[in-house]
Structure formats: C-alpha cells, structure tokens
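Each chain, letter by letter, is given below.
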Amino acid sequence: MFSREHFTVSVGIAIVVTVIPAALGLIAIYYKRKKREFIKVGNVSKLFIYPLKSAKCVEVTEADAFELGFKYKNVNDRHWIVINPNGKMATACQYPTMVNITPSLHGDLLCLDAPGMNTLKLLIEVKSTEINNTQMVDIWGTTIQGADCGDEAGQWVSDYLGKPDFHMIHFIPQFTPRYVSEVLALKYNSFKDHGCKEDDRTAYANFTPYLLMTDASVDALNSQLRDITVTEANYRPNILLAGVPAFDEDNWNQIKIGDSFQGRFLFKCTRCNSPNVDPQTGAVYQNDQPRKTLMKCHHAKASEVDMYSNHGLMGIYIAADVCGPIRVGDSVHVNYR
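Cut-off values and rules
Residues numbered from 1 in each chain as written. Predicted model: local features only at pLDDT ≥ 70, side-chain atom pairs only at ≥ 80, totals over all residues. Heavy atoms only, no water. Helix = DSSP H or I, 4+ residues; strand = E, 2+ residues; numbered from the N terminus. Buried < 20%, exposed > 50% of the residue type's maximum accessible area, 1.4 Å probe, protein only. Contact = heavy atoms within 4.5 Å. Phe/Tyr/Trp six-rings, centres within 6.5 Å; stacked < 30°, edge-to-face > 60°. Lys NZ or Arg CZ within 6 Å of the ring centre and 35° of its normal. Pairing = 2+ DSSP bridges.

Caption draft 1: Quick peek at the overall build of the protein chain. The secondary structure content of the protein chain amounts to 6 helices and 22 strands. Put simply, the protein chain has 337 residues, and 47% of those count as buried. Taking the intrachain contacts of the protein chain between residues at least 6 apart in sequence as the baseline, contacts between residues at least 24 apart amount to 72%.

Structure, rendered in structure tokens:
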C-alpha cells in the first residue's frame, strides 16, 4: 500500500521524466532555429580579382559573381595561369617573384607588367576557333583543359622567371571546369564535414572560386607577429569584410551579401608558405613567418585534424548558390553552423 509520501515521490519522478526532456527538446529546437536565422555581421570593405594566378590583384569597387568566380569588365578571376614544361601549375610558392607581375585592363586587353619586362598584351576574349594549342594542365593533382596563350606569352614568362619552356594558359567558356568534390577527394579523402555539393565547380582556383576573409582575422594575426606586419594581400581573398570578430567566419553556414548574392560555407582555408612572400617585393620573409605564427594562433580543432592537419587557418572557401553583383559597402548577413 502506497503512502502519500510514495505517491508524491512517484508524481515528482513522473514530472522529471516527462517534463524535463520535453523542455530540453524545446530548447534544442529553439537554438537550432536560432542558428538558421540570418543576422548582420558586417560589411564588404574590399573586393579583389586575380586575373593571373599568383600575380598581383586588381582591386575593384564592384564585381559580378558567377559560379566560377568574379567577373569584372569581361575578365574572370584566376582564369590565366603559368605552367612549367611538365604541364603543372606554377605559383608564387615556387617562384616568389610572380607576385611582382601586375595586371591591368585596357579595353579588350589584359596587360601584364613586371620589373625589367616590356608589357605583355593578351586578348581577354578568345574564340575557340582562334586557339592554336590546347592541353591538359595539372592543378594539385586534378587535370583541366587550357588554351596556350602563344609563343610570345610563353617567352615573356620564361624570361621573367628565368625558366625555359614555361607557358601561359587561359581558361575559356568552352572548357569543362573541375569539380570541387574531386579536389576534396584527393586532398581531404577522410573528411566529410564540409559544405560541398556534387555540382560545385571551379576553374584554375586552388579549390573553390571564392575566398572570403575578415580584416579582424588579419589584425589578430598581426597582434602575434613580432618582426613583420601582414595585410590581406598576403592571403589573397576575393572578399574582405569589416566589422566582423576575428575568425568568426569559421562558424558560418550561409552568407548573404547585398541584395543578390547568396553563398555557402565549404571549408576553411589551410595556409601553406605562399603568405611568407612579401606581396609588395616578392622577397621571402625570414623564419617561416607568418606561417609559423598562424599555426600557433589559429589552427584546427581536435575534431578537424583529419581535414586540416596542423596547418594555420585564415579565411573560408565559399560557393555561390545565388549569383549577382557584389559591391564595396554591401551588408553581410549569415547564419551559423
């Protein structure tokens, strides 16, 4: 026979068993919905395109965002590359003075200048019928078609770098882009927690068409550096944001910029030794900086080591889900993963 005390305890237990889990469930739903809400985090402070990969940027006040990256005055971001005689992409990691190549746009021409060199003039738009030579090129283990820019361009870059038989290659609309999933399979085959879709594609960019960074993240790194000061130019973003806490971008899911563009977080950007090259001079900083300091101040979480190893992290790769123009000053709204 149950006493009143037993009855009270039983009712109390029943309440605990049923009400608390329900309350916790409601709290979980609330925070899940809260994560999906878009909030304003900052504004676009700078925009960049890099016509020739590893050369200097062209800073712009607005650009049209497409699946394969920014387009400005008919020039697509990172649609020209330099390759070595074996067909592999050459970058400033191997040839630091590439950062001293300066692109400029003049009507239907992409002009390239470099110390001690005459101006190289390349047609921005080339018809497939005007291409004399195409070949498959190797970008970090994945292959993609390229149109040879001709003997003059090849000799120009060979003379500048002091390396024979280098060529300049151009991606044109008739070519098939690389699939980001294939790049991930080669580089990150054991990691699944990324935001890529099967149809995400890229041309000559390392991994994805857009790299987004915040100026506060650069400031956070500079606060730890002793002998040098870096800028966003060391890390070569397409989109730089102001007003965002340092490294907050690591936690984003979807990104809305201005009235048109909507992007999606893919994965964080691991940093090699390319930022160790002074973007103004092409000289290499001493003591493996800033790479070594970045590895200490911002690196992968324990759960992310399979993806990012022990590399330092700066910026995020994003894909464009809804394309449109992006302008300096545009507000940026995000939700969180």
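Still to come is the rest of the account.
Caption draft 2: How the structure looks around the packing of aromatic side chains. If you walk through the whole model with that rule in mind, you get 10 aromatic pairs. Taking the centre distance of 5.6 Å and the plane angle of 80° together, the rings of Phe171 and Tyr204 count as edge-to-face. Here the residue Phe171 occupies a position in the loop between strand S13 (167-170) and strand S14 (178-179), and Tyr204 occupies one in the loop between strand S15 (201-202) and strand S16 (210-214), the gap between them amounting to 33 residues. Among the aromatic residues, ring-to-ring pairing joins Phe70, Tyr210 and Phe261 into one connected group. Seen from the ring of Phe38, Lys256 lies directly overhead, with NZ or CZ sitting 4.1 Å from the centre. A cation over a ring is seen here: Arg337 above Phe265, with NZ or CZ 4.0 Å from the ring centre.

Caption draft 3: Looking closely at the sheet that holds strand S3 (residues 62-66). With antiparallel pairing, 4 strands are arranged side by side in an open sheet as S5-S4-S3-S21. Edge positions in the sheet fall to strand S5 (75-76) and strand S21 (324-327), since each of these pairs with one other strand and no more. As paired strands, S3 and S21 are joined by 4 bridges and run antiparallel to one another. In the strand pairing of S21, Ala65 is matched with Gly324.

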